[in-house]
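Here are the chains, one letter per residue:
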Amino acid sequence: MSTSKIYAVDEIETTLLKSNPPSLLIGCLGRVTTSGWSDGELSQYIYLTPPADGIQEFDFTARRPLAGSTVLPVLRPIRAEAVLDGIDLANYWGPGLPLRGVRVFAVSNSKTASFDATSKMHNLATGQGVAAAPSRTIDAMPAPSFETDIKPLFRAKDINAMKAIARWRLDVYQDVTANIEAIGGEIRAGSMPCDGAWPQSDIDLFDKWIAGGMRP
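Here's a quick rundown of the structure.

Conventions adopted
- Residues numbered from 1 in each chain as written.
- Predicted model: local features only at pLDDT ≥ 70, side-chain atom pairs only at ≥ 80, totals over all residues.
- Heavy atoms only, no water.
- Helix = DSSP H or I, 4+ residues; strand = E, 2+ residues; numbered from the N terminus.
- Buried < 20%, exposed > 50% of the residue type's maximum accessible area, 1.4 Å probe, protein only.
- Contact = heavy atoms within 4.5 Å.
- Areas by Shrake-Rupley, 256 points an atom, 1.4 Å probe, with all protein chains shown as cover.
- 1 Å grid on protein atoms, 1.4 Å probe; cavity = no way out; pocket = protein on both sides within 12 Å on 5 of 7 lines; lining within 4 Å.
- Points joined across faces, edges and corners; volume = space filled by probe spheres on them.
- Nonpolar A, V, L, I, M, F, W, Y, C, P; charged D, E, K, R; others polar.
- Axes fitted to C-alpha atoms, helices over the stretch in contact; angles between N-to-C directions.
- Parallel < 35°, antiparallel > 145°, perpendicular 65-115°, else oblique.
- Left-handed = near helix turned anticlockwise from the far one by under 90°.
- Phe/Tyr/Trp six-rings, centres within 6.5 Å; stacked < 30°, edge-to-face > 60°.
- Pairing = 2+ DSSP bridges.

1. Observations concerning the overall build of the protein chain
Piece 1. In terms of helices and strands, the protein chain carries five helices and ten strands.
Piece 2. Buried residues in the protein chain amount to 42% of all 216 residues.
Piece 3. Within the protein chain, contacts between residues separated by at least 24 positions form 67% of all contacts whose residues are at least 6 apart in sequence.
Piece 4. Accessible surface for the protein chain amounts to roughly 11,000 Å². Of this, 53% is attributable to carbon and sulfur atoms.

Take a look at the structure:
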């Protein structure tokens, strides 16, 4: 079962756990574009040099549905957690270089929970679990459209083959949306087109188009 970035990240919760040294619990809520996804995970970025903004970044990934399984093209919530064990927040990146927040990436957007100088995240004397500052959305990308993003994915031979087999066209918006469940299932299973599966980036774009309301 393959692992991929999920469609969107919606919320980040960060909590400083009572320990010596403290640990940071990161909880994230997001959405996937079909049923059948499982095992949400936050994959931590590893850096050779500290990032200039002091933000620790993660990818929000999950296991995709099994190839050939029946899925429903609906938005579903999914959750993931990670723990940064035994960290010194004030010197996370090195002496005098504090952790300034957590950023999580999905296919369609990213979110950041930022810790400022007055945040309770840095009040290590409390001895309690303390919630971090609220997250904010950054780098949100607009939903793709059929004409600009999806139609170019279908080659002339794909269009002609489907026209001959099913009597409808992959370059016609109304035909594609009327048969979206069947098309999506074949694409995700790797059986369409017949001469080779789409790259994962194209599948993610197709799923993003569905989740974004299938703009013409």
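That covers the picture; the talk isn't over yet.
2. Some details on empty space enclosed by the protein
Piece 1. Across all of its chains, the model carries one cavity of 30 Å³ or more by this definition.
Piece 2. The volume enclosed by the largest cavity comes to roughly 60 Å³.
Piece 3. Along the walls of the largest cavity sit Lys5, Ile6, Tyr7, Val32, Thr33, Trp37, Arg64, Val107, Asp204, Asp207 and Lys208, which together make up its complete lining.
Piece 4. With three residues, the top contributor of residues to the lining of the largest cavity is helix 5 (residues 200-211).
Piece 5. Residues of the lining of the largest cavity, tallied by class, amount to five nonpolar, one polar and five charged.

3. Examining the packing of helix 4 (residues 180-189) against helix 5
Piece 1. Closest axis-to-axis distance for the helix 4/helix 5 pair is 11 Å, and the angle between their directions is 155°. By the angle between their directions, the pair helix 4 and helix 5 is classed as roughly antiparallel. In this structure, helix 4 meets helix 5 at a crossing whose hand is left-handed. Residues Ile180, Ile183, Gly184, Ile187 and Arg188 of helix 4 touch helix 5, and the partners they reach there are Ile203, Phe206, Asp207, Trp209 and Ile210.

4. Looking at the packing of aromatic side chains
What describes a pair of aromatic rings is the distance from one ring centre to the other and the angle between the planes of the rings.
Piece 1. Taken as a whole and judged by the stated rule, the model has ten aromatic pairs.
Piece 2. Summarising the aromatic geometry, the rings of tyrosine 45 and tyrosine 47 are spaced 6.5 Å apart at their centres and angled 35° between planes, so their arrangement reads as tilted.
Piece 3. Of the residues examined, tyrosine 45 reaches a relative accessible area of 26% and is grouped as partly exposed.
Piece 4. Given a relative accessible area of 25%, tyrosine 47 falls into the partly exposed group.
Piece 5. Here tryptophan 198 and phenylalanine 206 contribute two aromatic rings whose centre-to-centre distance is 6.0 Å and whose plane-to-plane angle is 75°, an arrangement assigned as edge-to-face. No difference in accessibility class separates tryptophan 198 from phenylalanine 206, as the two residues are buried.
Piece 6. One aromatic cluster is present, formed by Phe146, Phe154, Tyr173, Trp198, Phe206 and Trp209 through successive ring pairs.

5. Looking at the pairing of strand 8 (residues 110-114)
Piece 1. In terms of burial, strand 8 is largely enclosed, as four of its five residues are buried.
Piece 2. Both strand 7 (residues 101-105) and strand 8 contribute to a ladder of five bridges, which runs antiparallel. Bridging across to strand 8, valine 104 finds its partner in lysine 111.
Piece 3. Following strand 7, the chain reverses through four residues before pairing antiparallel with strand 8.

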